[in-house]
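Structural overview
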Amino acid sequence: MEINLLITLDLAEQGALQAALVTRGAPDSMMTLALTGACRLASLEEARTLRRWLGDTRARGGSADAALNSIERTLIGFGI
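These notes cover the structure that comes with them. Since this is a predicted model, take the numbers as computed values, not measurements.

Digging into the overall build of the protein
- Counting its regular elements, the protein contains four helices and two strands.
- Burial statistics for the protein: of 80 residues in total, 38% are counted as buried.
- Taking all contacts inside the protein whose residues are at least 6 apart in sequence as the whole, residues at least 24 apart take part in 61%.
- Counting only carbon and sulfur atoms, one obtains 54% of the accessible surface of the protein, whose full area is about 4400 Å².

Points about helix α3 (residues 44–60)
- End to end, α3 covers 25 Å across 17 residues, agreeing with the expected 24 Å (1.5 Å per residue, within 8%).
- Where α3 is concerned, the buried positions are A47, L50, W53, L54 and T57. On an axial view of α3, the arc spanned by its buried residues comes to 125°, and they lie on one face. Of the exposed residues in α3, the ones pointing more than 90 degrees away from its buried face are D56 and A59.
- G61 sits one or two residues past α3 and shows a positive phi near 80°.

Focus: the packing of α3 against helix α4 (residues 65–77)
- Direction vectors running N to C along α3 and α4 enclose 145°, while the axes themselves pass 10 Å from each other. For α3 against α4, the interelement crossing comes out left-handed. In this structure, α3 uses A47, L50, R51, W53, L54, G55, T57 and R58 to contact α4, whose residues at the interface are D65, L68, N69, I71, E72, L75 and I76.

Looking at the environment of L68
- Along the polypeptide, L68 turns up in helix α4.
- In this structure L68 comes out as buried when scored by relative accessible area, which is 1%.
- Separated by 17 residues in the primary sequence, L68 and R51 have C-alpha atoms spaced 9.8 Å apart.

Considering the pattern of salt bridges
- Applying the stated criterion across every chain yields a total of two salt bridges.
- Taking the shortest distance from any N to any O, the salt bridge between R52 and E45 comes out at 3.3 Å.
- With relative accessibility at 44%, the residue E45 sits in the partly exposed group.
- Where E72 meets R51, a salt bridge forms, and the shortest distance between an N and an O atom there is 3.3 Å. One end of the pair, E72, is in helix α4; the other, R51, is in helix α3, with 21 residues separating them in the sequence.

The rules we used
- Here the residue index of a chain counts from 1 through its sequence in written order.
- The predicted nature of this model means local features are confined to residues of pLDDT at least 70 and side-chain atom pairs, given and counted, to a pLDDT of 80 or more, with totals for whole chains, interfaces and linings taken over all residues.
- Hydrogens and waters are ignored; side-chain quantities use all the structure's heavy atoms.
- A run of DSSP states H or I qualifies as a helix once it reaches four residues; a run of E qualifies as a strand once it reaches two. Both are numbered from the N-terminal end.
- Burial here depends on accessible area, computed with a 1.4 Å probe over protein chains only, as a share of the maximum for the residue type. Under 20% is buried, over 50% is exposed, and the range in between is partly exposed.
- Should any heavy atoms of two residues lie within 4.5 Å, those residues are considered in contact.
- Accessible surface is estimated by sampling points in the Shrake-Rupley manner with a 1.4 Å probe; for residues, cover comes only from the protein chains shown.
- Expected helix span is given by 1.5 Å per residue-to-residue step, counting one fewer step than there are residues.
- An arc is given here, and it is the one of the directions from the helix axis to the C-beta atoms.
- Working convention: axes come from line fits to C-alpha atoms, limited for helices to the stretch in contact. Angles between N-to-C directions cover 0 to 180 degrees.
- The crossing is said to be left-handed when, going from far helix to near helix, the turn is anticlockwise and less than a right angle, and right-handed when the turn is clockwise.
- What makes a salt bridge here is a side-chain nitrogen of Lys or Arg within 4 Å of a carboxyl oxygen of Asp or Glu, nothing more.

See the structure below:
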């Protein structure tokens, strides 16, 4: 199953997300999203891995919470 996830971040959210990803070992799809504003998830397992990472990162808190919550809500909307 292929999932096309497109999320638009404002510059402040994108900057905060980039800073958070450097220090938290983000999945490749998250790095792509932070750098380009979009990513393609090739499998359901990749989407689940991203969702777990988002949950773990959100639980630790940080400056990118708004962006992470937005991405997580999008994944939930896909049923992941």
